[in-house]
Number of protein chains: 4
Amino acid sequence: MTKITTLIHCKDTSGIIASVTSFIHKNHGNIVYIDQHVDRQNGIFFMRSESEFSGDNFELVKFKSEFKSSIAQIYKMKWHMHSDDYRPKMAIFVSKYDHCLYDILGRYNSGELKVDIPFILSNHPDLKPIADAFKIPFHHIAYTKEISEAAQKKQLELLEEHQIDFIVLARYMQIVPNTLIERYQNKIINIHHSFLPAFVGAKPYHSAYKRGVKIIGATSHYVTEELDAGPIIEQDVTRVTHAHSIEDMVAKGRDLEKIVLARGIKLHVDRKTMVYNNKTIIFS
Amino acid sequence: MTKITTLIHCKDTSGIIASVTSFIHKNHGNIVYIDQHVDRQNGIFFMRSESEFSGDNFELVKFKSEFKSSIAQIYKMKWHMHSDDYRPKMAIFVSKYDHCLYDILGRYNSGELKVDIPFILSNHPDLKPIADAFKIPFHHIAYTKEISEAAQKKQLELLEEHQIDFIVLARYMQIVPNTLIERYQNKIINIHHSFLPAFVGAKPYHSAYKRGVKIIGATSHYVTEELDAGPIIEQDVTRVTHAHSIEDMVAKGRDLEKIVLARGIKLHVDRKTMVYNNKTIIFS
Amino acid sequence: MTKITTLIHCKDTSGIIASVTSFIHKNHGNIVYIDQHVDRQNGIFFMRSESEFSGDNFELVKFKSEFKSSIAQIYKMKWHMHSDDYRPKMAIFVSKYDHCLYDILGRYNSGELKVDIPFILSNHPDLKPIADAFKIPFHHIAYTKEISEAAQKKQLELLEEHQIDFIVLARYMQIVPNTLIERYQNKIINIHHSFLPAFVGAKPYHSAYKRGVKIIGATSHYVTEELDAGPIIEQDVTRVTHAHSIEDMVAKGRDLEKIVLARGIKLHVDRKTMVYNNKTIIFS
Amino acid sequence: MTKITTLIHCKDTSGIIASVTSFIHKNHGNIVYIDQHVDRQNGIFFMRSESEFSGDNFELVKFKSEFKSSIAQIYKMKWHMHSDDYRPKMAIFVSKYDHCLYDILGRYNSGELKVDIPFILSNHPDLKPIADAFKIPFHHIAYTKEISEAAQKKQLELLEEHQIDFIVLARYMQIVPNTLIERYQNKIINIHHSFLPAFVGAKPYHSAYKRGVKIIGATSHYVTEELDAGPIIEQDVTRVTHAHSIEDMVAKGRDLEKIVLARGIKLHVDRKTMVYNNKTIIFS
């Protein structure tokens, strides 16, 4: 049995759901999940479905090609089909903070995270021992304030050599160059240690302390050229009081960052995210 | 334009979604929402959809009749169709606590709750002034420990006279007789002041205090013959500490009770609940 | 028995707690609650205590005078003592939204909120029927964009005539004039319908929708001259998804606004708030 | 500078706080934190304080001895004083689940958890590689259904040899023998994968699924002879829906279990827990 996840978006009009579901049914697929969303402001239709195709006769290539030349053409759809067999290849970028890295690798090791991790990349050598303990290759590409052209080139080569599908910035303390952002659009997941859009930029816990907020948060989002302004995948918050120092907030925030990044990664891996107009649709 | 909400459940099999969506499409309906759930343990398929039918030619009676004799028969469906024009008739049962009543009537008055409230019924006269302030008829049916046959009869008469669709027990401190429960199956919503199934029965805050829990809750559920064991519609919780006395818990709990009951009522009014095997499916 | 709540702040130094507790003990008071906070950045000590004085011989005036000339002078304290007998006088300012007003009056009527409400003031006549239903005087002071000097004068007169202790802006859609802010420093409580400092200003739900956040919030804070920048008393949040329209957010937000404002009022009434450096200390 | 944390409980009476704070002040200590609780039902007073003693002349032994013969005797206190220099020795018991172990060791490695971990003990060999990766001794004591006397003896010997202060059961799937519970009273922390007292015993996720709850939880508690009935240290919850299978709940629950156990451990290490009448006082 093959399980296919289909993501579709197109101009909203009547009859799309009926057409798609009938097409799958005619091709002997059983729809086990369907969810849709209509952005009424922009008149856009979004849909995610999971279908099971039994028997040895199912050919994904042929199915795709027929979908393309019929339904997809009629409704001028943008669409993707993914077979559940495939494990996406995920690169992790880190600097010196280790809590998100430990969390991701723990989930990976216990089989919770269904990805391959070809390598961990860092601008600092500090976390190599963790990569070693989990037996994952570690590449240290040094750079100071800005990433040099040579370093950028080396990064891209590594990513392409390993056919990386998406990148996780696990508290990576370095601006990602635009070349990389363009190459991996909606495929670079960052964790920001604030409840965005509050406290954009560096040192959000300092700002939160100064403003005297009673709740702090964390946000996982896709990286875009504008800093901390990309489509939000997931957010969560926790309470703080006047008694929490900045250091206390940093400590409390670590648990948030881990969870919110892990949830963001999982939603991406499960193909439950779509991006439109710098916002995400997150399917259930 | 007519908006129809359709709730369906039947044995799970391939092709149901395609059949239903095609049927609606052929009848010139535009599906604006669809959600489904498959209970894999029991092999049951559940679906909720909202469709818009434009034009003057749409006849709900004819549409229903055709649905019944075609799709519904093929898949042996249990189904309901509701027109969004209809405002359900809701009776409120209260005793002496007023916080849930204030909350419901405030939401009703501001137009948030799209129901009619033909009357409020109570086994105590205390809350009549609130009913008066909101200009809603108040019926006091006195009984002591148990509700007498005469009182039961009077209750049923009131409910039938006003063609009540569903009943809300807004901290109603009286066991509901089985005749009423049978007559209004999955149509009586109760608020229990604990995170069920913890602390079933009376005085849950006392039990919570005694056990030293760090979180208390509230649960809205459909009433069944077994006390506090009916299908759960909604739950929420709030933190407490060792410093909270039972009275503090009661006070904190009031805010939970109001919100959790209001959400339960809204889900019911919006036809977002289905019940199967003493559990709810809550559509989004 | 008299119960006295004492709030103190002064430069942090060794021995303050011992001095204060010994003083109360020597005056035959029993300390039933004590909490303190040290702002280490600024070297400021904050303390809240509750003490019970039994017997008919206790004289608050004498006690205060001795405290002033001994402990308070030694440590150069700023301090307040409040007898629990006194019910603070609270004025409510509203415009057209009624949900916070219903919530506050429901709590007031059920005895949950231990205040007197001499009057409700509005720049619109719409909510008068609610004030009438709860039998509270309603004053309509009309003004268009800005509040005129005559209207300001009338406001101040009303507040002073009724010896108002603090003001609650229950979704009051009008800038409060600086004269009022200065006169009632840290005594005007506003509810802002966002998780401040995100989405400062008007239409925060629109901004939240546009940014695609996954969580929305509400904030109760003391009003200062800078808009939405005053000391935060309480905040809370709730989840939203891509499927929530702006109207849905407004509806979900109403429940947050009610709760967060009610908690802010309660903390103020219970003398559990202190303000320093535009931040609050919130005692437990 | 020496920092001393003091935990006290005794019969409630007037003057305790004044006596204790004056005693510390006279001994040149600076109180930087004080919190107290009065259990009014049982008339018991609880207090936690942190005091800093500067200078080379401070002698903890002498200070304790004077406290014992003066204040402690007067009020018949049960009390403990802990110097912040000392790192408690924590043993971890595991079986086959690794998520809590990964989480604890990650926190330990990054310096967040201020303990020593002399060894990890298990009734299964499966998690040895993790212990190895973190360079912590791993002891496998095999037993089938029940733990044999020989195995019990071996356990106790290990614990005593390493002068273990407290034990963490990190999803340890084995009943702890009473000899161990008695020996380490309020010093064995367990994580139960439900919102206790709901779903006591094994397979709580199965029970939660069956009951159709909308929220699941986790509870860290001290182990007592009665199963899952010991004093609760910390609880937290997360939302589930009808769409969550038991496996989904297990997966969601893992994140809860990790966080709730970690918080429980931290509160214990920071001496913020006191136990009375099978309930905890958790200081802030």
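Every value quoted in this text rests on a predicted model; they were computed, and no experiment measured them.

(A) Seen up close, the relation of the copies chain D and chain B. In screw terms, the move from chain D to chain B is a rotation of 180° and a rise of 0.0 Å along the axis, fitting with an RMSD of 0.0 Å. Both chain copies can therefore be described as sitting about a two-fold axis. Taking C-alpha positions as reference, the residue of chain D nearest the rotation axis is D:Ala198, located at 2.3 Å. Interface overlap between copies is the fraction of interface residues in one copy that are interface residues in the other; for chain D against chain B it reaches 100%, indicating a shared surface.

(B) Molecular detail of the domain arrangement of chain A. All names here are of chain A. Considered domain by domain, chain A is made up of domain 1 (2-83) and domain 2 (90-282). Taking the mean C-alpha position of each, domain 1 and domain 2 sit 32 Å from one another. Here domain 1 packs against domain 2, burying approximately 860 Å² in sum over the two surfaces, 69% of which is carbon and sulfur. The largest per-residue losses of area from domain 1 upon contact with domain 2 belong to Leu7, Phe46 and Arg48, which jointly make up 48% of the total buried on that side.

(C) Here's a closer look at the side chain of A:Gln155. Residues and elements named next belong to chain A. Along the chain, the position of Gln155 falls in helix α5 (residues 149-161). Overall, Gln155 belongs to the buried group, its relative accessible area being 1%. Setting aside residues no more than four positions away along its own chain, Gln155 makes contact with Phe93, Leu121, Ile141, Tyr143, Ile147, Tyr172 and Leu180.

(D) A look at the sheet that holds strand β5 (residues 90-94) of chain A. Residues and elements named next belong to chain A. Taken in spatial order, the seven strands make up an open sheet running β7-β6-β5-β8-β9-β10-β11, and their pairing is mixed. Looking at the sheet topology across the chains shown, the edges are occupied by β7 (138-140) and β11 (232-239). Looking at each pair of strands side by side, their axes are set apart by 20° on average, direction ignored. Relative to β7, strand β6 (residues 120-122) runs parallel, the two sharing three bridges. Among the inter-strand pairings, Ser122 is bridged to a residue of β7, identified as His140. Against the sheet, helix α3 (residues 99-109) makes contact with β5, β6, β8 (166-169) and β9 (188-192), and its axis sits at roughly 160° relative to β5, the strand it touches most.

(E) Local environment of the interface of chain C and chain A. In this complex, chain C contributes 34 residues to the contact, which on the side of chain A involves 34 residues. Between chain C and chain A, a total of about 2,800 Å² is buried, with carbon and sulfur atoms accounting for 55% of that surface. The interface formed by chain C and chain A holds four salt bridges in total. Here C:Arg239 ties to A:Asp236 by a salt bridge, and the two come within 3.4 Å at their closest N and O atoms. With seven residues, strand β11 (residues 232-239) of chain C is the single largest residue contributor to the side of chain C that touches chain A. Across the side of chain C that touches chain A, the residue classes tally to 16 nonpolar, eight polar and ten charged.

(F) How the structure looks around the state of the cysteines. Following the criterion strictly, the structure yields zero disulfides over all chains and no others. Of all cysteine sulfurs, the one in A:Cys100 lies closest to D:Cys100, which takes part in no disulfide; the gap is 18 Å.

(G) Spotlight on the packing of helix α3 (residues 99-109) of chain B against helix α8 (residues 246-269) of chain B. Residues and elements named next belong to chain B. Following both chains from N to C, one finds α3 and α8 inclined at 45°, their axes separated by 9 Å at the closest point. In terms of orientation, α3 lies oblique with respect to α8. Two packed elements cross with a definite hand, and for α3 against α8 that hand is right-handed. Residue-level contacts link His99, Cys100, Asp103, Ile104 and Arg107 of α3 to Arg254, Glu257, Lys258, Ile259, Leu261, Ala262 and Ile265 of α8. Taken together, the residues of the contact of α3 with α8 break down into six nonpolar, one polar and five charged.

(H) Quick peek at the sheet that holds strand β7 (residues 138-140) of chain D. All names here are of chain D. If you trace the seven strands from one edge of the open sheet to the other, you get β7-β6-β5-β8-β9-β10-β11, paired in mixed fashion. Each edge of the open sheet is held by one strand with a lone partner, namely β7 and β11 (232-239). On average, adjacent strands in this sheet sit at an angle of 20° to one another, irrespective of strand direction. Two strands pair when backbone bridges link them, and strand β5 (residues 90-94) and strand β6 (residues 120-122) are joined in this way by three bridges, in the parallel orientation. Each bridged residue has a counterpart across the sheet, and for Ile92 the counterpart in β6 is Ile120.

(I) How the structure looks around the relation of the copies chain C and chain A. Overlaying chain C with chain A gives an RMSD of 0.0 Å, the required rotation being 180° about an axis along which the chain moves by 0.0 Å. Comparing contact sets, 100% of the residues at the interface of chain C also lie at the interface in chain A, consistent with an isologous, same-surface contact.

(J) Region of interest: helix α1 (residues 16-26) of chain A. Burial analysis of α1(A) places eight of its eleven residues in the buried class, the great majority of the element. Within the span of α1(A), buried status applies to A:Ile16, A:Ile17, A:Ala18, A:Val20, A:Thr21, A:Ser22, A:Phe23 and A:Ile24. In this structure, the buried side of α1(A) is in contact with β1 (2-11), β2 (29-39), β3 (44-53) and α2 (60-74) of chain A together with α1 (16-26) and β2 (29-39) of chain B. A positive phi of about 65° marks A:His28, the residue just after α1(A).

(K) Region of interest: the confidence of the model for chain A. Model confidence for chain A is summarised by a mean pLDDT of 95, while 100% of its residues fall at 70 or above. For this predicted complex, the interface confidence reaches an ipTM of 0.94, while the overall pTM sits at 0.95.

(L) Molecular detail of the packing of aromatic side chains. The full count for this structure, using the stated rule, is 38 aromatic pairs over all chains. The interplanar angle of 20° and the centroid separation of 4.2 Å between the aromatic rings of A:Phe53 and A:Phe58 together place this pair among those described as stacked. The pair A:Phe53 / A:Phe58 is uniform in exposure class, with both members buried. Ring pairs connect the aromatic residues A:Phe23, A:Phe53, A:Phe58, A:Phe63, A:Phe67 and A:Trp79, which therefore count as one cluster. Across from the ring centre of B:Tyr184, 4.4 Å away, lies the NZ or CZ of B:Arg183, which sits over that ring. Sitting over the face of the ring of D:Tyr209, B:Lys279 holds its NZ or CZ atom 3.6 Å from the ring centroid.

(M) Highlighting the interface of chain D and chain B. On the side of chain B, 33 residues touch chain D, which itself brings 33 residues to the contact. Both faces combined, the contact of chain D with chain B buries some 2,800 Å², and carbon together with sulfur accounts for 55% of it. For the chain D face of the interface with chain B, the top three residues by lost area are D:Arg211, D:Lys214 and D:His242, together amounting to 25%. Joining chain D to chain B, the criterion identifies four salt bridges. Run the count over chain D and chain B and you get 20 residue pairs in polar contact (both at pLDDT 80 or more). Ranked by residues supplied to the side of chain D that touches chain B, first place goes to β11(D) with seven residues.

(N) Quick peek at the packing of helix α1 (residues 16-26) of chain C against helix α1 (residues 16-26) of chain D. Contact pair α1(C) / α1(D): the axes reach a minimum separation of 8 Å and the direction vectors enclose 145°. Seen from above, α1(C) lies across α1(D) with left-handed handedness. Contacts from C:Ile17, C:Ala18, C:Thr21, C:Ser22 and C:His25 in α1(C) reach D:Ile17, D:Ala18, D:Thr21, D:Ser22 and D:His25 in α1(D).

(O) Quick look at the pattern of salt bridges. Enumeration according to the criterion identifies 80 salt bridges over all chains in this entry. A salt bridge links C:Glu234 to A:Arg239; its shortest N-O distance comes to 3.5 Å. On the criterion of chain membership, the pair formed by C:Glu234 in strand β11 and A:Arg239 in strand β11 is interchain, its members lying in two chains. The exposure class of A:Arg239 is partly exposed, given its relative accessible area of 36%. What you see here is one network of salt bridges that share partners, running through A:Asp103, A:Arg107, A:Glu112, A:Lys266, D:Arg254, D:Asp255 and D:Lys258.

(P) Fine view of the environment of A:Ile216. Residue and element names in this part refer to chain A. Along the chain, Ile216 falls in strand β10 (residues 215-222). For Ile216, a relative accessible area of 4% corresponds to the buried category. Considered as a pair, Ile216 and Val250 are 34 residues apart in the sequence and their alpha carbons are 9.9 Å apart. If sequence neighbours within four positions are ignored, Ile216 has contacts with Tyr205, Ala208, Asp236, Val237, Thr238, Val240, Met249, Lys252, Gly253 and Leu256.

(Q) Representation of the pairing of strand β9 (residues 188-192) of chain D within the structure. All names here are of chain D. Summarising burial for β9: five of the five residues are buried, a large majority. In terms of strand pairing, strand β8 (residues 166-169) meets β9 through three bridges, oriented parallel. Each residue of the ladder has a partner; that of Leu169, found in β9, is Asn190. As a crossover connection, the stretch from β8 through helix α6 (residues 178-183) into β9 is right-handed. Pairing of β9 with strand β10 (residues 215-222), which is carried by four bridges, proceeds in the antiparallel orientation. The residue bridging Asn190 from the neighbouring strand is His221, located in β10.

The rules behind these values
Residues numbered from 1 in each chain as written. Chains lettered and ligands numbered in written order. Predicted model: local features only at pLDDT ≥ 70, side-chain atom pairs only at ≥ 80, totals over all residues. Heavy atoms only, no water. Least-squares fit on C-alpha atoms with pLDDT ≥ 70 in both. Contact = heavy atoms within 4.5 Å. Domains from an automatic or database assignment. Buried area = accessible area lost by both parts, 1.4 Å probe. Helix = DSSP H or I, 4+ residues; strand = E, 2+ residues; numbered from the N terminus. Buried < 20%, exposed > 50% of the residue type's maximum accessible area, 1.4 Å probe, protein only. Pairing = 2+ DSSP bridges. Axes fitted to C-alpha atoms, helices over the stretch in contact; angles between N-to-C directions. Salt bridge = Lys/Arg side-chain N within 4 Å of Asp/Glu carboxyl O. Nonpolar A, V, L, I, M, F, W, Y, C, P; charged D, E, K, R; others polar. Disulfide = S-S within 2.5 Å. Parallel < 35°, antiparallel > 145°, perpendicular 65-115°, else oblique. Left-handed = near helix turned anticlockwise from the far one by under 90°. pLDDT = per-residue confidence, 0-100. Phe/Tyr/Trp six-rings, centres within 6.5 Å; stacked < 30°, edge-to-face > 60°. Lys NZ or Arg CZ within 6 Å of the ring centre and 35° of its normal. Polar contact = N/O pair within 3.5 Å; in protein donor to acceptor, adjacent residues only side chain to side chain. Right-handed = clockwise from strand over helix to strand, strands pointing away.

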